[in-house]
Every structure is written in structure tokens, then in C-alpha cells.
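Residue-level structural notes
Each chain, letter by letter, is given below.
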Amino acid sequence: MQRYSNKIALITGAGSGIGRATAKRLASEGASLMLVDRNEDGLQQTVSELPEGAQVMTRAMDVSVEAEVEQCVADTLANYGRIDVLCNNAGIAGGDYSIAPEQSLETWQKIIAVNLYGVMLFTKYVSRHMQEQNAGAIVNTASVAGIRSGAGGNAYSASKAGVINFTMTSACDLGQWNIRVNAVCPGLVETGMTQPVFDYARANNKEAKLGARCELRRYGRPDEIASAIAFLGSDDASYVTGQALAVDGGNTASLNLPG
Ligand code: NAD
């Protein structure tokens, strides 16, 4: 499949995990890329894994800083002339599992800044350009944590619920310019973010438990999330907008009743 030939895609959080897998998938389908991450080494590793001949730019930056986002979008346009697909994928979990009475405002500010402001800022500057093109696709990486509680801390879950609602709102804002906005909601996937969970489970012989609550009885791989992102960003999804697609092995389909 070459659904992305002659298309320009900007992917945030592309220095690891799901973002790296998305970069590889879109490049393999012909996309030219702007890869964004705060981790320069991670970006270079991603570049080294792209198919030979892939067109790629990288930008080490913080997605929650407005001036950096504005500059990144301007530089992408200066180089490529257009942006067809935006993947707002950068995110942090924060590692704070405090319950409601013990929450820290600092944790909330940190997580909301990356997971929600970052998505809003890139959407703001890229959609201005997509309006002029009268075309574009935006795919946000939310989470099953934004649909159900219980994965990540409460700030993380609230941020991802915000991403899902912002996805729907943006789809309504931008549909008249032929700009589609969708989200993927991954279940548990082994990446940099979840590595401590996997390391702990393996050290304690509990790896099988990690996928046990999914109807498919296993956790997911980054490339399985990337293929859903690639679908939503492509013309195959030309009549899909405002949706949050759970890519979770059936996890959120079930009540997971005990027994
Ligand atoms: P990851 O840690 O491997 O990748 C996230 C990337 O985002 C990292 O390279 C990190 O450097 C980058 N990043 C973080 N903050 C940034 C910032 N302020 N500016 C620029 N880059 C920044 O984790 P991942 O699992 O691949 O995460 C990708 C997305 O998937 C996140 O939005 C995450 O919330 C979401 N997600 C992951 C899982 C999972 O199980 N791994 C499940 C649901 C949702």
C-alpha cells in the first residue's frame, strides 16, 4: 500500500514507542515526515529505522511550548510546502497514582501541559494551514484511560478524556474545511512509557497477567497502534471524523466482571 505517496506527515512523540512505529509505517507507505520529540537521541534512532530513501526532518522540542510549536509548523511548511497529516502522539503518564484526596497540582499541570496543551497547540497551527489547503487529517493518540478509569493516574486519565473530547470538538470545528480529526485509544502496549510495568511483571513472572483482561488475551504492539493511525490519517478513512477508535484487544468492550 502506498496511501501516503506525495503526503507530508508531522508526528509528535516520534522518538519512541507508538510514534516511532507510526513514523516507520507512514514512511513505508510513501510519506515524507517531520518528526518531533523532546528526545534528540530517540529521534535519531527512529530516523535510522526508516526505510531507505525516506524523506525526513526532525525537531527536538517541547510540544507544550507555543512558540516552539509555531516555529516547527512554519519550518515544516517552509521545507515541504504543505502538511497533510498531523499525528498528535507525544504524551507522558507521570507515574503518580495518588487518589483524589492526595492529588498534586504540579503533577496535573505537567501532564495536562504535554497531553492536552501539546495536542491543542499543534492542532491550532497546523489546522490554520489545512484550512488554506481545504484538506487534512489529524489523528490524536488518546488512551483507553480516557474512556474508563483504572489505567494511569487520574491526571493522565483526565488528560486523555480531554483529548477524546477535543478530537470531537475539533472535528466539528474543522469539518467544513474538509479536515478530519480522529483519535486512537490504545490499550496496554510495550513502549518506553510502560517499560517499568513490563519490567516489573517479567521480574515477578506475571507477564501473562498483563494481557489477561483483554478479550484477545494479550497486550498490544506499537505497530498495531500505528496501523490504526495510518488508516485514520489516510484517504481510506475519508468519511470518518470525530471518532475515538479503541485499539485495545477488546479491553473496553467488556465489563471484566470477576470470575
Ligand atoms: P513513549 O514514552 O515510548 O513515547 C512518548 C514519546 O513522547 C517519547 O519519545 C517522549 O520523549 C515524547 N514526549 C514526551 N513529552 C514530550 C514533550 N513535552 N515534547 C515532545 N515530546 C515529548 O510512550 P508511547 O506509549 O509510545 O506513547 C505515545 C502515546 O501513546 C502517548 O500519548 C501515550 O499517552 C499513548 N498511550 C500509550 C499506551 C501504552 O500502553 N504505551 C496506552 C495508551 C496510550
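The following refers to the structure shown. (Residues numbered from 1 in each chain as written. Predicted model: local features only at pLDDT ≥ 70, side-chain atom pairs only at ≥ 80, totals over all residues.)

1. Concerning the packing of helix α4 (residues 105–133) against helix α5 (residues 154–174)
- Relative orientation of the contacting elements α4 and α5 amounts to 15°, with a least axis distance of 9 Å. In terms of their interaxial angle, α4 and α5 are classed as roughly parallel. For α4 against α5, the interelement crossing comes out right-handed. The residues of α5 that touch α4, namely those facing Thr107, Trp108, Ile111, Ile112, Asn115, Leu116, Val119, Met120, Thr123 and Ser127, are Ala155, Tyr156, Ser159, Lys160, Gly162, Val163, Phe166, Ser170 and Leu174.
- Along the lines of polarity and charge, the residues of the contact of α4 with α5 split into eleven nonpolar, seven polar and one charged. (Axes fitted to C-alpha atoms, helices over the stretch in contact; angles between N-to-C directions. Helix = DSSP H or I, 4+ residues; strand = E, 2+ residues; numbered from the N terminus. Parallel < 35°, antiparallel > 145°, perpendicular 65-115°, else oblique. Left-handed = near helix turned anticlockwise from the far one by under 90°. Contact = placed C-beta atoms within 7 Å. Nonpolar A, V, L, I, M, F, W, Y, C, P; charged D, E, K, R; others polar.)

2. Some words on the nonpolar core
- If you look at the biggest cluster of nonpolar residues, it comprises 65 residues, and the most contacted ones within it are Ala9, Ile11, Leu33, Val184, Ile225 and Ile229.
- The element best represented in this core is α4, accounting for nine residues.
- The contacts of alanine 9, once residues within four sequence positions are left out, are Tyr4, Leu26, Ala31, Leu33, Asp84, Val85, Cys87 and Gly233. (Core = buried A, V, L, I, M, F, W, Y, C linked by C-beta atoms within 7 Å. Buried ≥ 20, exposed ≤ 12 C-beta atoms within 10 Å, placed from the backbone.)

3. Comments concerning the pairing of strand β2 (residues 32–37)
- For β2, a buried count of six out of six residues is recorded, marking the element as mostly surrounded by other parts of the structure.
- Following the backbone out of strand β1 (residues 8–12), through helix α1 (residues 17–28) and into the adjacent parallel β2, one traces a crossover that is right-handed.
- Taken together, β2, helix α2 (residues 40–48) and strand β3 (residues 56–60) constitute a β-α-β crossover, and its handedness is right-handed. (Right-handed = clockwise from strand over helix to strand, strands pointing away.)

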